[in-house]
Amino acid sequence: MPGTWAEAHHWIAWAQGGPTDLDNAALLCSHHHHRAHDAAYLHERLPNGDIRFTRRT
């Protein structure tokens, strides 16, 4: 998807002291941005930069 359609996500919210730099940021589609804030899902950044979402059990 083009970056202009993506939503910026901070891994650690700046309101909680997270930095506003690229290491703490990801561009996500709307669907995955909602999952990133959904407590039913875990998310992790893989070594290649991809992001994996896993439903909690």
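Residues numbered from 1 in each chain as written. Predicted model: local features only at pLDDT ≥ 70, side-chain atom pairs only at ≥ 80, totals over all residues. Heavy atoms only, no water.

Helices and strands together make up the secondary structure of the chain, namely 1 helix and 4 strands. In sequence order, the secondary structure elements of the chain are arranged as β-β-α-β-β. When burial is assessed residue by residue, the chain has 16% of its 57 residues classed as buried. For the chain, the exposed surface amounts to about 4500 Å²; the carbon and sulfur share of it is 55%. Of the side-chain charges in the chain, 5 are positive and 6 negative, and the distance between the mean point of each set is 10 Å. (Helix = DSSP H or I, 4+ residues; strand = E, 2+ residues; numbered from the N terminus. Buried < 20%, exposed > 50% of the residue type's maximum accessible area, 1.4 Å probe, protein only. Areas by Shrake-Rupley, 256 points an atom, 1.4 Å probe, with all protein chains shown as cover. Lys, Arg positive; Asp, Glu negative; His and termini not counted. Charge placed at Lys NZ, Arg CZ, Asp CG, Glu CD.)

So, on to the side chain of asparagine 24. Inspection of the secondary structure puts asparagine 24 in the loop between strand S1 (7-10) and strand S2 (25-28). Looking at asparagine 24, its side chain comes within polar contact range of the main-chain oxygen of isoleucine 12, at 2.8 Å. Ignoring any residue separated from it by four or fewer positions in sequence, one finds asparagine 24 in contact with His9, His10, Trp11, Ile12, Gly18, Pro19 and Arg45. (Polar contact = N/O pair within 3.5 Å; in protein donor to acceptor, adjacent residues only side chain to side chain. Contact = heavy atoms within 4.5 Å.)

With respect to the helices and strands, histidine 9 occurs in strand S1. Look at histidine 9 and you get buried, because its relative accessible area is 4%. For histidine 9, the side chain forms a polar contact with the side chain of histidine 33, separated by 3.4 Å. Histidine 9 has contacts with Asn24, Ala25, Ala26, Leu28, His33, Ala36, His37 and His43, leaving out every residue within four places of it along the chain.

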